[in-house]
Amino acid sequence: MPKLIFVLLLLGLAQAQNLGFRLVASDLERPTFLTYAPDGSDRLFVTEQTGKVRVIQGGRLRPEAFLDLSNRIACCGERGLLSLAFHPDFKNNGFFFVNYTRSPDGATVIARYKVAAEGNRADPASARVLLVIEQPFANHNGGQLAFGPDGYLYIGMGDGGSGGDPLNHGQNLNSLLGKILRIDVNKEENGRPYAIPPGNPFVGRQGARPEIWSYGWRNPWRFSFDRETGDMWIADVGQNQWEEVNLEPRGRGGLNYGWRLMEGSACYNPSSNCNSGNLVLPVLEYDHSQGCSITGGYRYRGRAMASLRGGYIYGDYCSGRIWVATEQGGRWAARRSFETGYSISSFGEDAEGELYVLDHRGAVYRLELR
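Conventions used here
Residues numbered from 1 in each chain as written. Predicted model: local features only at pLDDT ≥ 70, side-chain atom pairs only at ≥ 80, totals over all residues. Heavy atoms only, no water. Helix = DSSP H or I, 4+ residues; strand = E, 2+ residues; numbered from the N terminus. Buried < 20%, exposed > 50% of the residue type's maximum accessible area, 1.4 Å probe, protein only. Contact = heavy atoms within 4.5 Å. Polar contact = N/O pair within 3.5 Å; in protein donor to acceptor, adjacent residues only side chain to side chain. Phe/Tyr/Trp six-rings, centres within 6.5 Å; stacked < 30°, edge-to-face > 60°. Disulfide = S-S within 2.5 Å. Salt bridge = Lys/Arg side-chain N within 4 Å of Asp/Glu carboxyl O. 1 Å grid on protein atoms, 1.4 Å probe; cavity = no way out; pocket = protein on both sides within 12 Å on 5 of 7 lines; lining within 4 Å. Points joined across faces, edges and corners; volume = space filled by probe spheres on them.

Visitor: Sorry if this is basic, but what is going on with the environment of Asn269 here?
Guide: Mapped onto the elements, Asn269 comes out in the loop between strand S20 (266–267) and strand S21 (284–287). Taking relative accessible area as the criterion, Asn269 reaches 32% and is therefore assigned partly exposed. For the pair formed by Asn269 and Ile294, sequence separation is 25 residues and the distance between their alpha carbons is 21 Å. When residues no more than four places from it in sequence are discounted, the contact partners of Asn269 are Arg260 and Leu261.

Set out below in structure tokens:
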């Protein structure tokens, strides 16, 4: 029987519910992300920070790696193999994309690979590097890749690290750091192995990189798209006091999310009069009495946990706490929280919209109500 851990939800509900975490896979090496292949195979793919992509199929972790990039990776701390995304037409073209920090310099690499004929292995010779972004420090690398409902690839980039964004990358539109980028991986243009979507907000603006979709980010470690509305949920890791969640309506590019002017809804640098009215404030935030490093999740659209449907589920790496936020009267609030004891590195979603949580110490669990 799979291991099942029950945790009592800590919300003041009329009737408490038990949330279970069913063990799906263990003996992983620092798992950082989980996703599914859009090919009807029901396979789950897990990135290990040290460089391997592993496959969970039929409820079992396959012993061989789908892809092994260990000899290319600078690891660990906040570096390593950080995520992957499958092309929406993966079933036909076999393409997927990875985000890693390379050895020896720690630069961010976005690369495309293709699945081998065998199906449960990628072809390591198929690598094509799309983008290399130099990193001035070892931390705040971002790491998320995801295809949006528009078919474009979105890339989360942290501010480049150290503390307090000393180089002010978050507000510098001539830098790709501290941004979420959007590129078209189906075309090439101007000598680049990708194209710039014509609707990107800074196309044609002098002194701004055309890849930028949004800016003012410190370290947007995990973001996701609501599979029903297309809205974008972005969790940004805070500095000393505040962790935040931002909600971006579908297609609303060009927004400034505040860092380093603001940390959460509080002024940071400068310490007062930091918002002239053009900064987007978070819809959810918590202080460091609740945790110290937010891990963004998903708006739940599955069917197995009906009472959680429509809630946004997210957690904290340090405290192991998970929250379920709901909207009431146009405002979002965390209505349920519970303790896991996990080092929550990521959440994941399968083809049916069911959710998984990754314990960075080496395990993957599926969320279930009991």
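Visitor: How should I be thinking about the side chain of Asp159 in this particular structure?
Guide: Note on placement: Asp159 falls in the loop between strand S13 (153–157) and strand S14 (179–183). A polar atom in the side chain of Asp159 sits 2.8 Å from the side chain of Trp259. Residues within four places of Asp159 in sequence aside, it is in contact with His140, Asp165, His169, Leu177, Gly178, Trp217, Arg218 and Trp259.

Visitor: Hey, could you run me through the packing of aromatic side chains in this one?
Guide: Ring pairs (aromatic) are described by centroid distance and by the angle formed between their planes. Using the criterion set out here, one finds 21 aromatic pairs in the structure. Judged by centre distance (5.8 Å) and plane angle (75°), the rings of Phe202 and Tyr215 are edge-to-face. Pair noted here: Phe202 is in the loop between S14 and strand S15 (212–215) and Tyr215 is in strand S15, with a separation of 13 residues, a long-range link. Residue classification places Phe202 among the buried positions, given a relative accessible area of 4%.

Visitor: Please clarify how the state of the cysteines should be interpreted in this entry.
Guide: Cysteine pairs can be covalently joined through their sulfur atoms, and such a bond is termed a disulfide. All chains considered together, the criterion is met by three disulfides. What pairs with Cys75 in a disulfide is Cys76, and their sulfur atoms sit 1.8 Å apart. Judged by the sign of its S-S torsion, about 80°, the cystine formed by Cys75 and Cys76 is right-handed. You can call Cys76 partly exposed: its relative accessible area is 24%. Two residues, Cys267 and Cys274, share a disulfide whose sulfurs are 2.1 Å apart. Residues Cys267 and Cys274 share a disulfide whose torsion about the S-S bond is about -80°; that sign makes it left-handed. Note on Cys274: relative accessible area 8%, which makes it buried.

Visitor: Explain the pattern of salt bridges to me, please; I cannot follow it from the model alone.
Guide: Where charged atoms from two side chains of opposite charge approach closely, those side chains can pair. Counted by the stated rule, this structure contains 20 salt bridges. Ionic pairing is found between Arg301 and Glu228, a salt bridge with its closest N-O pair at 3.2 Å. Of this pair, Arg301 sits in the loop between strand S22 (294–299) and strand S23 (312–316) while Glu228 sits in the loop between strand S16 (222–225) and strand S17 (232–236), and the two are 73 residues apart along the sequence. Using a relative accessible area of 11% as the deciding quantity, one classes Arg301 as buried. Among the ionic pairs, Glu228 bridges to Arg309, the shortest N-O distance being 2.3 Å. Linking Glu228 in the loop between S16 and S17 with Arg309 in the loop between S22 and S23, this pair joins segments that are 81 residues apart in sequence. Relative accessible area serves as the criterion here: at 46%, Glu228 is assigned to the partly exposed category. Judged by relative accessible area, which is 36%, Arg309 ranks as partly exposed. Salt bridges sharing common partners tie together Arg22, Asp350, Arg366, Glu368 and Arg370.

Visitor: Mind showing me how you'd approach empty space enclosed by the protein here?
Guide: Leftover empty space is mapped by rolling, across the atoms, a probe with the size of a water molecule. Tallied over the full model, the rule gives two cavities of 30 Å³ or more. Quantified by volume, the largest cavity comes out at close to 50 Å³. Forming the walls of the largest cavity are 13 residues, and the residues nearest its centre are Asp236, Glu244, Met262, Glu263 and Gly264. Listed by contribution, the elements that provide at least two residues to the lining of the largest cavity are strand S18 (242–248) and strand S19 (262–263). By volume, the second largest cavity amounts to about 30 Å³. What lines the second largest cavity is Phe33, Gln144, Arg222, Phe223, Gly296, Gly297, Tyr298, Ser346 and Phe347.

Visitor: Would you mind going over unusual backbone geometry with me for this structure?
Guide: Most peptide bonds take the trans configuration, and most residues that are not glycine carry a negative phi. Here the bond from Cys75 into Cys76 is cis, since omega is 25°, no more than 30 degrees from zero. Residue Pro104 is reached from Ser103 by a cis peptide bond, and omega for that bond is 5°. Tracing the chain through its elements places Pro104 in the loop between strand S9 (95–101) and strand S10 (108–115). Residues other than glycine seldom take positive phi values, yet Asp42 does so here, at roughly 60°.

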